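# Residue-level structure breakdown
One letter stands for each residue in the lines below.
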Amino acid sequence: MNFLSFDLMNKACRQAILSPLCFPVFLTAVTISGALGQQLERVIPREHAQERGQRAPAGQIDAAFTWRRPARYGLDLNNNGIIDLPNSFEYTHNLPSWNPQGCSCVADDCENGAPQFRVILDTSATSYPPIVPLRPEQPAPAMPASGAFEPVTDPAIEYARMRVRMRQTSWKIEGAALVPPLELPPTLHGAPYTTDVCLPEGDYSITLTAVDNYTGQSDVVRRVISVEDLFIVQLGDSYGSGEGTPERRIVSNLELVAGRQNTHANREWARTQLRDEHRRGFSFTLWADDGRHYPEVVVENNTAVVLAGVGTPVKMTARLPDFSQFSSTHKQHYRSHRSSFTASSQLALELEQSSDKSSVTYVNLAMSGARLSSGLLGPYGGVKTARFHDAADPLPGQLKQLKDIAGKRRIDALIITAGGNDAGFANAAAGLVMRDGFYRYIVNFEKIEHGVKTGDWAEVENSISFFSWIADWSDLLGGLNGIGNSYALVKADLVARQIQAPNVYLVEYPNFGMMDHPPRTLLGMTLGGGLAECEQILNSIAPNLAPGGLEANAEELRWAARNVLTPLNNAVQQAAAANGWAYIGGIRDAMEPHGACAWEPYDADDFAPGHPVAERLHEPRMRWFRREREAATIENTGPDKATGTIHPNEFGHKAVKNIMAMNIAWPVVKDHASLVVPPRRADERMEGQRPR
């Protein structure tokens, strides 16, 4: 009897779910005759005759699958080397209009329906018994990635391919959000191995069925998973925006030429030119990116100069994004000095990269200089020296923006860093710097403390009004006395706007005025160092206004820690307790050994941070804050205009991130191992159970 008979092929193809795939083999079978048919009889091993009698082959199907979730934060969709911070409704709801890999909302109704997130199911771990070839020398075929074989005329090869085509997998997904359950049509095993589905957040029971339609053998495995997208939001001031650590510093050709000459005079001269151009509208500091594509432009000044050691005149040029094309979101990043190196962003990136079973949505609405009243609750003009600053067009309050962006989504962690500007932190620092030499009789501790507590800085302003380029004297701030009431208004606004944020975290402010001093030798004796106030900082802001310059000395820093920082953190902690929120402490103690007088981690000319931030927190006495000259170099401005001064650098933010990670609780991403599932069918087993 001929093996490829009509009866056998009819039986095999009746068992196949995708029976049209059997037609080529079927036609080949019914036309085989004569010498070719006799040849096939000779090459078919005897065990195939037993298989034709429907005896199960040796070995079993082992159904198994893995799953993963695509990352959402940490992407660079426009390939410009800067992490995307979209801050949009489309992003938080994972819509294809933000990313082609996104999903539509449930029922295509994002206002009322839940967003959905892509889950990739992978059957590459499923194994089938090997196919015994018609000829011993013929290797068993595997399904190509394209899902289609190249045409052949050899019936023996076509037989083996037919067997491959009759191996299929199918999915059934059950969950509270799926009524009825989602059943995906069978697909050929290995063409390809992965299947994508879009699901709202929740727990799901996923069943994989693997079938060999030739032998009738099958195996079923069930796995329970969680679809979880961790939603993190940062609100607040410069401490939360990332002030002091922009994404990148663009270097002009003028500085590159000066640097190649490697002379101090050339480098300093180039920096001076950069600062002058910055004042005339040039900006060489890049802040957070919105992920859109923008053309680049080459900008140059109109004056050619001759550097020492360079014979030909050189014009200053630089390649920059076309700022005129920026979206409103991108402009707001610049007006707020937002950066992906802030602590909460580093935390979101770490969570995203720690597991492929969950994803992270991260929104940062913090604004450098913002206060609780103007910034969180109400409009705010943004950083006055920033590109795109427009006093006539203030930025909307952060809570209003959050509602517009988050909609009805539940926020897993709402992190707020606010209160420092209400207490006039920058004003206090300016007052302490001015309190030097004969100025100490004009600006005393009592006047500064009055401003910190009440928000009324008129007495200090009248004394040193010419110092207005670093402080907002004329603005009536809320003061320490008003922080508790302002935070109560924040909670009321969260409730009124129906922002779903059950987990709110207020963050402790650090102390930048101390360091772990090394031991010193005096007259052959070793004197102990240890944790103490810096001898002086901020001595480059106004070096010519008094004999020896102005600075904040150890006495003033000690006073500020006791009378400004401690009451500020106490007020924030009390506000957290009063509103039922969590307070993240321990930051001040962790950062004090690495204050603004500690040792620099790198030359400011070499500023080029990257993700993840280098593991250097173990280095003793390394500075975790920006000093004024360092900030000026990074921002291409003067020490008196650098807004990043005494803010954490990327290492300081990394240290804060580590403390945040220990204090924030996240939803558990469930998997099959720890859950009890409904009773299984007789032919079903859980992942990890041995196949029958």
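You'll find the structure just up there.
Notes on the structure follow.

Reading the values: rules and limits
- Residues numbered from 1 in each chain as written.
- Predicted model: local features only at pLDDT ≥ 70, side-chain atom pairs only at ≥ 80, totals over all residues.
- Heavy atoms only, no water.
- Disulfide = S-S within 2.5 Å.
- Helix = DSSP H or I, 4+ residues; strand = E, 2+ residues; numbered from the N terminus.
- Buried < 20%, exposed > 50% of the residue type's maximum accessible area, 1.4 Å probe, protein only.
- Pairing = 2+ DSSP bridges.
- Axes fitted to C-alpha atoms, helices over the stretch in contact; angles between N-to-C directions.
- Contact = heavy atoms within 4.5 Å.
- Core = buried A, V, L, I, M, F, W, Y, C linked by side-chain atoms within 4.5 Å.

### Quick look at the state of the cysteines
- Following the criterion strictly, the structure yields three disulfides and no others.
- Here cysteine 534 connects covalently by a disulfide to cysteine 597, the sulfurs 2.0 Å from one another. Across the S-S bond linking cysteine 534 and cysteine 597, the dihedral sits near -75 degrees, which makes this disulfide left-handed. One end of the pair, cysteine 534, is in the loop between strand E19 (530-533) and strand E20 (536-537); the other, cysteine 597, is in the loop between helix H18 (587-591) and helix H19 (628-635), with 63 residues separating them in the sequence. The burial state of cysteine 534 is the same as that of cysteine 597; both residues are buried.
- Look at the protein chain and number its bonded cysteines as they come in the sequence; the links are 1-4, 2-3, 5-6.

### A word on the sheet that holds strand E2 (residues 116-122)
- Pairing is antiparallel across the open sheet formed by three strands, whose spatial order is E1-E2-E5. The sheet terminates laterally at strand E1 (66-68) and strand E5 (194-200), the two strands that pair on one side only. Within the sheet, the average angular offset between the axes of one strand and its neighbour, ignoring direction, is 30 degrees.
- Sheet topology places E2 next to E5; seven bridges connect them, and they run antiparallel. Bridged to valine 119 within E5 is valine 197.

### Side note on unusual backbone geometry
- A cis amide bond, omega 0 degrees, links valine 179 with the succeeding residue proline 180.
- Considering the arrangement of structural elements, one finds proline 180 in strand E4 (residues 178-188).
- The omega torsion across histidine 611 and proline 612 is -10 degrees, close enough to zero to call that bond cis.
- By the secondary structure assignment, proline 612 is in the loop between H18 and H19.
- You will see that asparagine 87, though not glycine, has its phi angle at about 50 degrees, which is positive.
- For asparagine 87, the location among the structural elements is in the loop between E1 and helix H5 (89-92).
- For asparagine 87, a relative accessible area of 7% gives the class buried.
- With a phi close to 60 degrees, leucine 538 is a non-glycine residue in the positive phi region.
- When you line up the elements, leucine 538 lands in the loop between E20 and strand E21 (552-553).

### Focus: the environment of histidine 337
- With respect to the helices and strands, the residue histidine 337 is situated in the loop between helix H10 (328-336) and helix H11 (343-354).
- Using a relative accessible area of 5% as the deciding quantity, one classes histidine 337 as buried.
- Taking C-alpha positions, histidine 337 is 9.7 Å from arginine 387, a pair spaced 50 residues apart along the chain.
- With near-sequence residues (within four places) excluded, histidine 337 lies in contact with Ser241, Gly242, Glu243, Trp287, Ser368, Val383, Ala386 and Thr643.

### Let's talk about the side chain of serine 327
- Positionally, serine 327 belongs in the loop between strand E12 (314-321) and H10.
- A relative accessible area of 8% places serine 327 in the buried class.
- With residues up to four places along the chain from it excluded, the contact list for serine 327 reads Asp290, Arg292 and Tyr294.

### Some thoughts on the nonpolar core
- Core analysis: the largest hydrophobic core is formed by 100 residues, its most contacted members being Leu414 and Ile416.
- Once residues within four sequence positions are removed from consideration, isoleucine 416 is found in contact with Gln234, Leu235, Leu376, Tyr487, Val490, Val504, Tyr505, Leu506 and Val507.
- Counting residues in each nonpolar core, the second largest holds 21 residues, with Phe65, Leu178, Leu184 and Tyr204 among its members.

### Some remarks on the sheet that holds strand E13 (residues 359-364)
- Strand order in this open sheet of five strands is E13-E8-E14-E15-E22, and the pairing throughout is parallel. With partners counted over all chains shown, the strands left at the sheet margins are E13 and strand E22 (582-584), one partner each. The average undirected angle you get between the axes of adjacent strands in this sheet is 25 degrees.
- Here strand E8 (residues 229-236) runs beside E13; their pairing, made up of six bridges, is parallel. Each residue of the ladder has a partner; that of leucine 230, found in E13, is valine 360.
- Relative to the sheet, H11 contacts E8, E13 and strand E14 (413-417), its axis offset from that of E13 by approximately 170 degrees.
- The strands touched by helix H12 (residues 398-406) within the sheet are E8, E13 and E14, with E8 carrying the most contacts at an inclination of about 160 degrees.

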